[in-house]
Amino acid sequence: MGLILTIIMGLLIGAAAGFLMKSSYPWYVDLLLGLVGAFVGGFLSSILFGADLTTGFNITTFIVGVIGAVIVIGIARAVTGRRVA
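Residues numbered from 1 in each chain as written. Predicted model: local features only at pLDDT ≥ 70, side-chain atom pairs only at ≥ 80, totals over all residues. Heavy atoms only, no water.

This paragraph deals with the overall build of the chain. Within the chain, the regular secondary structure consists of three helices and zero strands. Of the regular secondary structure in the chain, the N- to C-terminal order runs α-α-α. Buried positions account for 35% of the 85 residues belonging to the chain. Of all intrachain contacts in the chain linking residues separated by at least 6 positions in sequence, the fraction that spans at least 24 positions is 72%. For the chain, the exposed surface amounts to about 5200 Å²; the carbon and sulfur share of it is 77%. (Helix = DSSP H or I, 4+ residues; strand = E, 2+ residues; numbered from the N terminus. Buried < 20%, exposed > 50% of the residue type's maximum accessible area, 1.4 Å probe, protein only. Contact = heavy atoms within 4.5 Å. Areas by Shrake-Rupley, 256 points an atom, 1.4 Å probe, with all protein chains shown as cover.)

See below:
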C-alpha cells in the first residue's frame, strides 16, 4: 500500500509544483516530474536534516515533495531550455 500512496502523493505534488512554477509542460510531464521530485525531496530532506520527513500521507510529506518537484522542474527547464508559455 505504501507504493500506491507514494505514487498518488507524487501525482498531487506534480500538479501543485506545475501550478507553482507555471509550467509549460503537458500535464502528464508535470505529474512525472512530481513523482521524481517527491523522491528527490525525500532524499534531500534525509541528507540535510538527518531525519525522514516523508513518513506517510501528511502535510510535511507534501511540502517536502513540492520543494523537490520545484527543484526537478527547475532543472528540467535549465536542461531543455523551456520557459513559461
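Moving on, we get to the nonpolar core. Ranked by size, the top nonpolar core spans 12 residues in total: Met9, Ile13, Ala17, Met21, Tyr25, Leu33, Ala38, Val66, Ala69, Val72, Ile73 and Ala76. Where this core is concerned, the elements lending two or more residues are α1 (2–20), α2 (27–49) and α3 (59–80). Among the elements that take part in this core, α3 stands out by supplying five residues, more than any other. Setting aside anything within four residues of it in sequence, one finds Ala17 in contact with Val66, Ala69, Val70 and Ile73. (Core = buried A, V, L, I, M, F, W, Y, C linked by side-chain atoms within 4.5 Å.)

What follows covers α3. Helix length check: α3, at 22 residues, gives a terminal C-alpha distance of 31 Å against a target of 32 Å (1.5 Å per residue), a fit within 8%. Those residues of α3 that fall on the buried side of the exposure criterion are Thr61, Val64, Gly65, Val66, Gly68, Ala69, Val72, Ile73, Ala76 and Arg77. One or two residues past the end of α3 sits Gly81, with phi positive at roughly 80°. (Expected span 1.5 Å × (residues − 1).)

Next up on the list: the confidence of the model for the chain. On average, residues of the chain carry a pLDDT of 78, and 86% of them reach 70 or more. Here α1 is the element of the chain with the lowest mean pLDDT, 79, and α3 is the one with the highest, 83. (pLDDT = per-residue confidence, 0-100.)

Here Ile67 shows up in helix α3. With a relative accessible area of 49%, Ile67 lands in the partly exposed category. The sequence separation of Ile67 and Ile13 amounts to 54 residues, and the corresponding C-alpha distance is 9.1 Å.

Now for the environment of Ile63. By the secondary structure assignment, Ile63 is in helix α3. Residue Ile63 is classed as partly exposed on the basis of its relative accessible area, which comes to 46%. Taking the C-alpha atoms as reference points, Ile63 and Gly41, separated by 22 residues in sequence, lie 8.8 Å from one another.

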